[in-house]
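Spelled out, the chains give:
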Amino acid sequence: MTAALVDDDPPLLVAEGLTKWYGQRLGCRDVSFALYQGEVLAVVGESGSGKSTLLQLLSAQLAPDAGRICYRMRDGVTRDLATLSEAERRFLFRTDWGYVHQDSRLGLRMTVSAGANVGERLMAVGWRHYGRIRASAASWLDRVEIDPDRIDETPGGYSGGMRQRLQIARNLVTDPRLVFMDEPTGGLDVSVQARVLDLLRGIVAELGLAAVIVTHDLAVARLLAHRILVMKGGAVIETGLTDQVLDDPQAPYTQLLVSSILPP
Amino acid sequence: MTVPMFALKLSGVGKTFTMHLQGGIRLPVLRDVTFAAEPGQCIVLAGPSGTGKSSILKLIYGAYRCEAGEILVRHGENLVDVATAEPRRILALRRGVIGYVSQFLRVVPRVPTLAVVAESLERVPARREPARDSVRLEANGASPASTATQFDPGGALLDPAYARAAELLCRLNIPEWLWTLPPATFSGGEQQRVNIARGFLPDLPVLLLDEPTASLDAANRAVVVDLIAEKKQQGAAIIAIVHDEDVRDAIADQVIDVGRFAPTN
């Protein structure tokens with residue numbers, strides 16, 4: 001379980017010509033890329049640029065109007081997501097994928113305990129032994145730096161940063177290979193943000209996860225991503241290695257984006 | 001007769017920046033950069049500031065996009081052209097071939113110095129103990145930053161990567177009590193030495209050094225000169241930018257005046 005990118009491995013996920021319209025309004029247009037195991041891709045751009053639409057398309061929560069997404073399943077067979085049955089898609093979502101929402105309340109069940117939030121994903125993949133589920137949940141809480149003593153509390157009593165870390169634990173407990181993240185540190189205080197980011201950075205590298213992270217924060221992209229995709233008006237206007245895009249931006253909009261950051 | 005095998009070869013490399021926010025003016029920086037480095041050889045890039053020395057290093061590292069020419073880097077049996085390689089090929093080069101000591105350390109919040117250095121070895125996950133106290137602190141609304149870096153260097157040192165990192169930090173005179181702290185609050189010279197340790201720890205065949213001794217005292221400069229000599233002995237090809245003449249004389253096998261790559265207007 002390392003972050004090794006084996007050169008000849010086929011991609012984990014391939015997006016081809018993804019296009020989505022909301023009536024007359026464009027969501028995103030003709031987005032294509034390949035994502036490999038262990039690779040972290042940041043999608044950056046301002047609000048309304050199509051980042052979130054893209055994330056929903058990639059995670060099969062929205063159906064594209066054109067284009068397709070192919071995913072290499074755990075058995076090594078690459079399949080078009082549109083051809084999966086609803087049950088297969090759900091199983092993928094519960095096991096091989098994670099989805100970290102900006103608003104942790106969307107990604108957690110607020111009325112059940114932290115332990116149940118993490119354990120639920122395990123039960124969904126067939127775990128039945130209560131003791132083992134609880135032990136695994138406790139070890140994941142520990143891993144995301146939540147005191148396992150608080151396993152029986154509901155997330156309602158947690159701080160924003162803790163809730164976000166709980167959401168991360170809930171997503172990673174089933175050992176997914178691909179995690180989608182929508183502004184994972186949006187809305188958190190800066191010091192709390194740093195902690196969530198460092199945690200994500202460590203876990204992603206350790207587990208060799210592939211991730212697609214939507215963010216408008218270029219510092220988040222710098223810290224976590226290998227590659228960046230810059231979106232504007234629904235289209236990808238620039239793509240490259242993280243330092244290429246941030247240190248040598250080509251498109252006028254990317255140059256504006258990069259030069260708009262206030263240095264600390 | 002054996003032809004010397006280059007580790008790195010640039011041919012006809014050019015770089016122009018287009019500043020779209022300034023009305024699209026074009027700033028040609030480099031033209032026809034051509035040179036090669038062999039294993040065990042140290043090439044020093046010389047010339048006044050603004051002539052594109054750092055840009056050459058960034059082009060080799062793939063951090064700047066290369067518009068003209070080719071940048072061949074030997075990766076095992078293969079030659080990779082950084083100018084045209086896919087991002088993941090370049091990432092593979094960075095893991096296995098090219099090390100880069102930038103002018104400034106890019107600090108990551110919360111990661112202790114020893115881990116910053118040890119993480120430069122491939123496949124070494126960060127080791128840190130969960131900061132339990134800070135969980136409670138955060139719940140009470142206090143900043144977790146002060147306790148965020150509790151980890152056990154004694155246990156970590158059992159890991160060979162951490163042991164080697166510690167050895168290098170010792171040589172670079174970073175006192176042991178700093179190892180468990182993130183380098184964000186260190187002085188410029190300390191950060192630079194952490195950066196050097198990070199860059200020198202992995203044994204990579206190509207090493208790019210951007211003013212590694214700029215803010216170091218004489219004793220630490222001498223340590224860096226020794227480290228560079230050891231890398232050369234191990235067969236690393238080194239491309240360095242150094243302004244200090246003594247350091248340059250001590251390490252350079254060849255000095256290239258970057259002025260000769262200046263675009264003619």
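Residues numbered from 1 in each chain as written. Chains lettered and ligands numbered in written order. Predicted model: local features only at pLDDT ≥ 70, side-chain atom pairs only at ≥ 80, totals over all residues. Heavy atoms only, no water.

**Q** How should I be thinking about the overall build of chain B in this particular structure?
**A** Across its full length, chain B holds nine helices and nine strands. Counting all 265 residues of chain B, 51% fall into the buried class. Within chain B, counting contacts between residues at least 6 apart in sequence, those at least 24 apart form 69% of the total. Surface summary for chain B: the accessible area is close to 11,900 Å², and the carbon and sulfur share equals 51%. (Helix = DSSP H or I, 4+ residues; strand = E, 2+ residues; numbered from the N terminus. Buried < 20%, exposed > 50% of the residue type's maximum accessible area, 1.4 Å probe, protein only. Contact = heavy atoms within 4.5 Å. Areas by Shrake-Rupley, 256 points an atom, 1.4 Å probe, with all protein chains shown as cover.)

**Q** What is the right way to read the overall build of chain A from this model?
**A** Per the secondary structure count, chain A includes ten helices and ten strands. The C-alpha radius of gyration of chain A comes to 18 Å, within 12% of the 18 Å expected for a compact globule of 264 residues. When the backbone C-alpha atoms are referred to their principal axes, chain A occupies close to 55 × 45 × 40 Å. Taken across its 264 residues, chain A has 55% of its residues classed as buried. Considering only intrachain contacts with a sequence separation of at least 6, the fraction spanning at least 24 residues in chain A is 67%. About 10,800 Å² of surface is accessible on chain A, with carbon and sulfur atoms providing 53% of the total. In chain A, 28 side chains carry a positive charge and 32 a negative one; their mean positions are 6 Å apart. (Rg over C-alpha atoms; globule rule 2.2 N^0.38 Å. Lys, Arg positive; Asp, Glu negative; His and termini not counted. Charge placed at Lys NZ, Arg CZ, Asp CG, Glu CD.)

**Q** Please explain the confidence of the model for chain A as it appears in this structure.
**A** Low-confidence regions, as indicated by low pLDDT, have predicted coordinates that should not be scrutinised in detail. With 96% of its residues at a pLDDT of 70 or more, chain A has an overall mean of 90. Low pLDDT, under 50, characterises residues 1-6 of chain A; the predicted model gives this stretch 17 contacts beyond four residues in sequence or across chains. (pLDDT = per-residue confidence, 0-100.)

**Q** Can you help me understand the domain arrangement of chain A in this one?
**A** How big an interface is tends to be stated in terms of accessible area lost as the parts join. All names here are of chain A. Per the domain assignment, the segments making up chain A are domain 1 (1-96 + 177-264) and domain 2 (110-175). Taken together, the contacts link 18 residues of domain 1 with 15 residues of domain 2. Each partner contributes to the roughly 1,500 Å² buried at the junction of domain 1 and domain 2, and carbon and sulfur atoms together form 61% of this total. Of all residues in domain 1, Arg94, Arg195 and Leu199 give up the largest surface area on contact with domain 2, accounting jointly for 34% of the area buried on that side. Taken together, domain 1 and domain 2 are joined by two salt bridges. Its salt-bridge partner being Glu206, residue Arg143 comes within 3.2 Å of it at the nearest N-O pair. There are seven residue pairs in polar contact (both at pLDDT 80 or more) connecting domain 1 and domain 2. Of all the secondary-structure elements, those providing two or more residues to the side of domain 1 that touches domain 2 are α2 (86-95) and α7 (190-207). Ranked by residues supplied to the side of domain 1 that touches domain 2, first place goes to α7 with eight residues. Of the residues contributing to the side of domain 1 that touches domain 2, the split by class is twelve nonpolar, one polar and five charged. (Domains from an automatic or database assignment. Buried area = accessible area lost by both parts, 1.4 Å probe. Salt bridge = Lys/Arg side-chain N within 4 Å of Asp/Glu carboxyl O. Polar contact = N/O pair within 3.5 Å; in protein donor to acceptor, adjacent residues only side chain to side chain. Nonpolar A, V, L, I, M, F, W, Y, C, P; charged D, E, K, R; others polar.)

**Q** I keep staring at the pattern of salt bridges and nothing clicks. Help me out?
**A** Close approach of charged atoms lets side chains of opposite charge pair. Under the criterion given, the structure shown has 27 salt bridges over all chains. Here A:Asp103 and A:Arg105 are joined by a salt bridge, their closest N and O atoms 3.2 Å apart. Taking the relative accessible area as the measure of exposure, A:Asp103 reaches 28% and is therefore partly exposed. Since its relative accessible area comes to 51%, A:Arg105 is described here as exposed. Measuring nitrogen to oxygen at the nearest pair gives 3.2 Å for the salt bridge that ties B:Lys232 to B:Asp253. Taken as a pair, B:Lys232 in helix α8 (residues 218-233) and B:Asp253 in the loop between α9 (245-251) and β9 (254-257) lie far apart in primary sequence, 21 residues in all. By relative accessible area, which is 17% here, B:Lys232 ends up buried.

**Q** Can you walk me through the environment of B:Ile239 in this structure?
**A** All names here are of chain B. Structurally, Ile239 can be placed in strand β8 (residues 237-241). The buried category is assigned to Ile239, whose relative accessible area is 0%. Spatially, the C-alpha atoms of Ile239 and Pro48 are 17 Å apart, while their sequence positions differ by 191 residues. Beyond its immediate sequence surroundings of up to four residues, Ile239 is in contact with Leu8, Phe35, Ala37, Ile43, Leu45, Leu57, Ile60, Leu207, Leu208 and Leu209.

**Q** Where do I start with the sheet that holds strand β1 (residues 8-19) of chain B in this structure?
**A** Sheet strands pair via backbone hydrogen bonds, and the direction of the pair is either parallel or antiparallel. Residues and elements named next belong to chain B. Read from one edge of the open sheet, four strands run β2-β1-β4-β5, paired in antiparallel fashion. The sheet terminates laterally at β2 (25-37) and β5 (78-81), the two strands that pair on one side only. Each strand axis lies, on average, 30 degrees off the axis of its neighbour in the sheet, ignoring direction. Here β1 pairs with strand β4 (residues 68-75) via five bridges, running antiparallel. Paired with Ser11 across the bridge in β4 is Glu70. (Pairing = 2+ DSSP bridges. Axes fitted to C-alpha atoms, helices over the stretch in contact; angles between N-to-C directions.)

**Q** Looking at this model, I keep getting lost on the nonpolar core. Mind explaining?
**A** Here is a general trend for soluble globular proteins: nonpolar side chains tend to be buried in one another's company. Counting residues in each nonpolar core, the largest one holds 46 residues, and the members touching the most others are A:Val118, A:Trp140, A:Val144, A:Leu166, A:Leu172, A:Met181 and A:Ile228. Looking at which element gives the most residues to this core, the answer is α7(A), with eight residues. Those residues within four positions of A:Val118 in sequence are excluded, and the remaining contacts are A:Ala137, A:Trp140, A:Leu141, A:Leu166, A:Ala169, A:Arg170 and A:Val173. B:Val101, B:Leu114, B:Val116 and B:Leu207 belong to the second-largest nonpolar core, a separate cluster that totals 42 residues. (Core = buried A, V, L, I, M, F, W, Y, C linked by side-chain atoms within 4.5 Å.)

**Q** Would you explain the sheet that holds strand β7 (residues 178-182) of chain A in this entry?
**A** All names here are of chain A. The sheet built from six strands is open, its strands ordered β6-β7-β8-β3-β9-β10 with mixed pairing. Of all the strands in the sheet, the pair left with one neighbour each is β6 (97-100) and β10 (235-241). Neighbour-to-neighbour, the strand axes of this sheet turn through a mean angle of 15 degrees, independent of strand direction. Bridging between strand β3 (residues 40-44) and strand β9 (residues 227-232) involves four bridges; their strand directions are parallel. Counterpart to Val44 in the pairing with β9 is Val230.

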